[in-house]
Structures are given as structure tokens and as C-alpha cells.
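# Inside the fold
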Amino acid sequence: MLGATAAGAQEVKHYRFAYDQPKTTGYGVLGDIFADKLKELSKGTMLIDQYPGAQLGQEPQVLQLVKAGDVEFCISSSANAATLSPQAGVMSLHFLFRNEAHLVKAIADPEVSKAVKAMISETVQGARVIGLATLGLRSMYSKREIKGIADIKGLKVRVQATPTEDVTFPAYGAQIVHMPFGSVYTSLQTGVVDVGENGVNVYLANKHYEVAPVLSMTEHEANNSLVWISDKLWNSLTPEQQGWVQAAADEVNSKQPAKAMELEHQSQDKLKSIGVKIVTDVDKSGFVAVADPVLDKLAHDLGPHAEKIKNLIRAIN
């Protein structure tokens, strides 16, 4: 009888879950969905401690910590995932996603998720991807309006350091500047960069509107995220526990995208109410005309996984 009690009282374990945005963003939505589901499935034996706001480091550093097994879970943008697996850059290709509805469907699509997991498992050692999520579409913000491609010519734009950004923005005629996300506010303030680009909620939550009060809805690329687990943890779990972790990630995959869009729309309303100028009538045709041939070439050059993911996403109606 004693033995049965001991086996029944499974040890409660805490796991670190790191991300670099505030808890009030779509990353927090993701963290909560994952934590709640894992707690429920494991009957309270597997608990997630969230570390938002880059407490454990910026995404590229945290990815290395997860690979080393020093942090158990993290979220990274697909752009930062490209530092480990360059083909992940496919998720950031410009105008790959036609609109918000297309983005929500694509990220929640099990085939897309499967293709991304396969890409990571074949190209990254030490960590695996268990789910996808999104923070919506990225748009440009500045002290001036960007109503079309001509308005960005010669401007200095802070971009994520990926081949996608490094090829596409210069094709629009912009100059690119690389810097960690944490430096964007002061760089916009001092004029080191003219333009930032990110999701609406990220722009609001990090108060970038204080130094770049015009948000132009270019919606040029998606803010997609990957949910990572260290192989060290994964390999130490029982098959049953692995099942719970994957089921919690599947819950994220199916529920987070729509919730993230809700947050984007609420954020836009909030920005309007505090007097931020939002340019909704951006003429995207010039951007799209430049980005389309670049998109096909980049996906092809990135490799077969990238090409497959691009084709899957494009085929979703």
C-alpha cells in the first residue's frame, strides 16, 4: 500500500519558459495557454514559470541556453530561429501571408506545423520545436507617414538580422540597420534609425509610439513564433509526459493565433485613443511587386524545407 502511495504522488517539477516581450503581448497569451494546459494534463505535476521581458536574455542568447539545456522552454521569432536554422527565415518572407485571416489559418494548420517541426529536427541539435504561434502582421512606424514604397527610399530601417530582411528592405530602396530589439526605442529617439517595424501590440507594449508616433499599416510580413523545448528535458520525460507537453503545444497552435489578432485590434484601438496616427490606406502594390520575385528566389535559396513551407502556406485559402 505504501508503494502505491509513493508512486501516485508524482514529484512536482517547475520549468523555465523564457521570452523577450512583455507578458501583456501575444507571447504572454501563448505562455498562459501552454502553462494552463500542461498543468491540467499533468494534474499539477508539471508547472511552467514564465520569464517575460528578456529576463533570461534576448532571443538569440536564450535559444543557445535552450540548446545547452540550461533553460527548458522558450519562444523565439521565426527570424531569430533563423540564427539556428537559416531555413526558418521562410516564415518571415514579405507578403507570404495575404492578410490576417490567411495568417491565422496558416499558423493553425497542422501540415504547416509539421513541416516546420521537421525542418528544425533535421537542422538543429539540442532543441526541438513543438508548436507555432503568431503576433500578427508587422507594420512600419516612424515620425512620418509611409503611404507607399516611394516613402521608404533612403530611410534607415531597423530590421531583424536575417537574409530575408537584408535582401528585401534594400530592394525597396531602404537602408538597413541591425540592433537588438531592446535598443530600438533610443535609436528611434536619437535618429540612429528612421523607421521601426513590428506588430501593433509590440509597438504599443514597448511604448515605441512615444518616439515614432505614426504607424503605417504596411503589413509586410508576419510576426511568427516558434515554441522550443530543450532536448535535455525532452529526453528525460516519460512518453506520457512528452505527450502532455506536445498536447499543450498543440493547444497553443490552434488557439493562440486568433487570440493574438484580438490583441492586435485592441492595441490599435488603444493607440488611436491616445492620439497615435494610424495610416490604414497604405498602397502595398509597390512593395508586393518588389517582394514577390524576391520571395520565390529566397525560399528556393534557403532550401527544400523552406520551399515546402512556402508552398504549403501559399496553398491555404
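Now for a look at the structure at hand. Every value quoted in this text rests on a predicted model; they were computed, and no experiment measured them.

### What about the overall build of the chain?
Check the secondary structure of the chain and you find 13 helices and nine strands. Computed over C-alpha atoms, the radius of gyration of the chain comes to 20 Å, within 12% of the 20 Å expected from 2.2 N^0.38 for 317 residues, which places it in the range of a compact globule. Dimensions along the principal axes, computed over C-alpha positions, put the chain at roughly 75 × 45 × 35 Å. Taking all 317 residues of the chain together, the buried fraction comes to 56%.

### Some details on the packing of aromatic side chains
Tallied over the entire structure, the rule returns 10 aromatic pairs. Between phenylalanine 169 and tyrosine 172, the ring centres sit 5.8 Å apart and the planes meet at 85°, which makes this aromatic pair edge-to-face. Taken as a pair, phenylalanine 169 and tyrosine 172 lie in helix 7 (residues 163-172) at a separation of three residues, close to a single helical turn. For the pair formed by phenylalanine 169 and tyrosine 172, the shared burial category is buried. An aromatic cluster of three or more residues is present, and its members are Tyr15, Phe17, Tyr19, Tyr27, Phe34 and Phe73.

### Description of the environment of lysine 297
For lysine 297, the position within the fold is in helix 12 (residues 285-302). With 10 residues separating them along the chain, lysine 297 and glutamate 307 place their C-alpha atoms 9.5 Å apart. A distance of 2.5 Å separates a polar atom in the side chain of lysine 297 from a polar atom in the side chain of aspartate 301.

### A short note on the packing of helix 2 (residues 26-41) against helix 11 (residues 239-273)
Across the interface, helix 2 lies against helix 11 with an axial gap of 8 Å and an inter-helix angle of 150°. In the crossing of helix 2 with helix 11, the sense of the turn from one axis to the other is right-handed. Contacts between helix 2 and helix 11 involve Gly26, Val29, Leu30, Ile33, Phe34, Lys37, Leu38 and Leu41 from the first element and Trp244, Val245, Ala247, Ala248, Ala249, Glu251, Val252, Lys255, Gln256, Lys259 and Leu263 from the second. Grouping the amino acids of the contact of helix 2 with helix 11 by side-chain chemistry returns 13 nonpolar, two polar and four charged.

### Quick look at the pairing of strand 3 (residues 73-77)
For strand 3, the buried fraction is high: five of the five residues fall into the buried class. Where burial is concerned, the two faces of strand 3 agree: the one with Phe73, Ile75 and Ser77 and the one with Cys74 and Ser76 are both buried. As judged from the two bridges shared by strand 1 (residues 13-18) and strand 3, these two strands associate in the parallel manner. Looking at strand 3, one finds that alanine 18 is bridged to cysteine 74. Where strand 3 and strand 8 (residues 214-230) come together, five bridges link them in antiparallel fashion. Its bridge partner lying in strand 8, serine 77 is registered against serine 225.

### Overview of the nonpolar core
Within the largest apolar cluster, 47 residues are counted, with the highest numbers of intra-cluster contacts made by Phe17, Phe34, Phe73, Ile130, Val245 and Leu271. Among residues more than four places away in sequence, those in contact with phenylalanine 34 are Phe17, Ile48, Phe73, Ile130, Val245, Ala248, Ala249 and Val252. If you look at the next biggest cluster of nonpolar residues, it comprises 40 residues, including Leu103, Ala106, Leu132 and Val294.

### Some details on the environment of glutamine 61
Residue position: glutamine 61 is located in helix 3 (residues 59-68). Sequence separation of glutamine 61 and asparagine 80 is 19 residues, and the distance between their C-alpha atoms is 9.8 Å.

### Considerations on the side chain of histidine 305
With respect to the secondary-structure elements, histidine 305 resides in helix 13 (residues 304-315). In contact with histidine 305, not counting residues within four places along its chain, are Gln87, Ala118, Met119 and Glu122.

### Some points on the environment of valine 71
Summarising the element assignment, valine 71 is placed in the loop between helix 3 and strand 3. Judged by its relative accessible area of 4%, valine 71 falls in the buried class. Along the primary structure valine 71 and alanine 18 are separated by 53 residues, whereas in three dimensions their C-alpha atoms are 7.6 Å apart.

### What about helix 11?
With 35 residues, helix 11 should cover 51 Å at 1.5 Å per step; its first-to-last C-alpha distance of 50 Å lies within 8% of that length. The sharpest bend along helix 11 comes to roughly 40°, located at glutamine 256, with the proline proline 257 sitting one to four residues further on. Directly beyond the C-terminal end of helix 11, a positive phi value near 95° is found at glycine 275.

### Overview of the packing of helix 7 against helix 12
The interhelical angle for the contact between helix 7 and helix 12, taken along N-to-C directions, is 150°, at an axis separation of 10 Å. The pairing of helix 7 with helix 12 is recorded here as roughly antiparallel in orientation. Helix 12 is crossed by helix 7, and the crossing has right-handed handedness. Across the interface between the two elements, Pro163, Thr164, Val167, Thr168, Ala171 and Tyr172 of helix 7 pack against Phe287, Val290, Ala291, Val294 and Leu298 of helix 12. Across the contact of helix 7 with helix 12, the residue classes tally to nine nonpolar, two polar and no charged.

### Digging into the pairing of strand 6 (residues 175-178)
Here is the key point about a regular strand: its side chains alternate between the two faces of the sheet. As paired strands, strand 5 (residues 156-159) and strand 6 are joined by four bridges and run parallel to one another. Looking across to strand 6, one finds that valine 159 is bridged to histidine 178. Note that the unit made of strand 5, helix 7 and strand 6 has a crossover that is right-handed.

Quick notes on the rules
- Residues numbered from 1 in each chain as written.
- Predicted model: local features only at pLDDT ≥ 70, side-chain atom pairs only at ≥ 80, totals over all residues.
- Heavy atoms only, no water.
- Helix = DSSP H or I, 4+ residues; strand = E, 2+ residues; numbered from the N terminus.
- Rg over C-alpha atoms; globule rule 2.2 N^0.38 Å.
- Buried < 20%, exposed > 50% of the residue type's maximum accessible area, 1.4 Å probe, protein only.
- Phe/Tyr/Trp six-rings, centres within 6.5 Å; stacked < 30°, edge-to-face > 60°.
- Polar contact = N/O pair within 3.5 Å; in protein donor to acceptor, adjacent residues only side chain to side chain.
- Axes fitted to C-alpha atoms, helices over the stretch in contact; angles between N-to-C directions.
- Left-handed = near helix turned anticlockwise from the far one by under 90°.
- Contact = heavy atoms within 4.5 Å.
- Nonpolar A, V, L, I, M, F, W, Y, C, P; charged D, E, K, R; others polar.
- Pairing = 2+ DSSP bridges.
- Core = buried A, V, L, I, M, F, W, Y, C linked by side-chain atoms within 4.5 Å.
- Expected span 1.5 Å × (residues − 1).
- Bend = angle between axes of the 7 residues up to and from the residue.
- Parallel < 35°, antiparallel > 145°, perpendicular 65-115°, else oblique.
- Right-handed = clockwise from strand over helix to strand, strands pointing away.

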